[in-house]
Every structure is written in structure tokens, then in C-alpha cells.
Amino acid sequence: MSYHDETSRTLSYASHDCLEGLLQRGRGLGAIRAHQDADEAAAFVYDGIRRDWN
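These remarks concern the structure in this document. (Residues numbered from 1 in each chain as written. Predicted model: local features only at pLDDT ≥ 70, side-chain atom pairs only at ≥ 80, totals over all residues. Heavy atoms only, no water.)

## Description of the overall build of the chain
Moving on, step 1. Helices and strands together make up the secondary structure of the chain, namely three helices and two strands.
Moving on, step 2. Mapped from its N terminus to its C terminus, the chain presents α and β elements in the order β-β-α-α-α.
Moving on, step 3. In the chain, buried positions account for 20% of the 54 residues.
Moving on, step 4. The long-range fraction of contacts in the chain, counting pairs at least 24 apart against all pairs at least 6 apart in sequence, stands at 23%.
Moving on, step 5. Looking at the chain as shown, the accessible area adds up to about 4000 Å², and 51% of this sits on carbon and sulfur atoms. (Helix = DSSP H or I, 4+ residues; strand = E, 2+ residues; numbered from the N terminus. Buried < 20%, exposed > 50% of the residue type's maximum accessible area, 1.4 Å probe, protein only. Contact = heavy atoms within 4.5 Å. Areas by Shrake-Rupley, 256 points an atom, 1.4 Å probe, with all protein chains shown as cover.)

## Some points on the pattern of salt bridges
Moving on, step 1. Taken as a whole, this structure holds one salt bridge when the rule is applied.
Moving on, step 2. Asp 47 is the salt-bridge partner of Arg 50, the closest N and O atoms lying 2.8 Å from each other. A residue pair is termed a helical-turn pair when its members lie 3 or 4 positions apart in one helix, as Arg 50 and Asp 47 do in helix α3 (residues 38-50) at three residues.
Moving on, step 3. Residue Arg 50 is classed as exposed on the basis of its relative accessible area, which comes to 59%. (Salt bridge = Lys/Arg side-chain N within 4 Å of Asp/Glu carboxyl O.)

## Points about the environment of Arg 25
Moving on, step 1. One can find Arg 25 in helix α1 (residues 19-25).
Moving on, step 2. Residue classification places Arg 25 among the partly exposed residues on the basis of a relative accessible area of 32%.
Moving on, step 3. Separated by 12 residues in the primary sequence, Arg 25 and Tyr 13 place their C-alpha atoms 8.2 Å from one another.
Moving on, step 4. Residues in contact with Arg 25, not counting those within four places in the same chain, are Tyr 13, Ala 14, Ser 15 and His 16.
Moving on, step 5. One polar contact links the side chain of Arg 25 to the main-chain carbonyl oxygen of Ala 14, over a distance of 2.9 Å. (Polar contact = N/O pair within 3.5 Å; in protein donor to acceptor, adjacent residues only side chain to side chain.)

Fair warning: the whole summary comes from geometry, so function is off the table for now.
Printed below as a string of C-alpha cells:
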């Protein structure tokens, strides 16, 4: 998740076609990609847990 505007601190989703965005949206493809490259996905998974959007 990234801040859409640093001054307002409004959070926005990452792009829907990147690993971070897939994980944020709870897509199954995000889980598959995270499993395939756990090192890359670790930071995104922890960030998603810290900032649960649901």
C-alpha cells in the first residue's frame, strides 16, 4: 500500500497487476506468486497484515 498523496496521507492500493496489488486485494494469483518468490513477497505480506483493508 502506498500513500496516494503524502500530504493527506490517504492510502491507495498498488496496481492490480503487480504482486503487491494482488496481495492487497486478496487475489488467489497473489498467493501463488508469493509462494513462488517468497523473498520478494515477504515485505508485501507483512505490510498487508499491518494494514488490513477489510
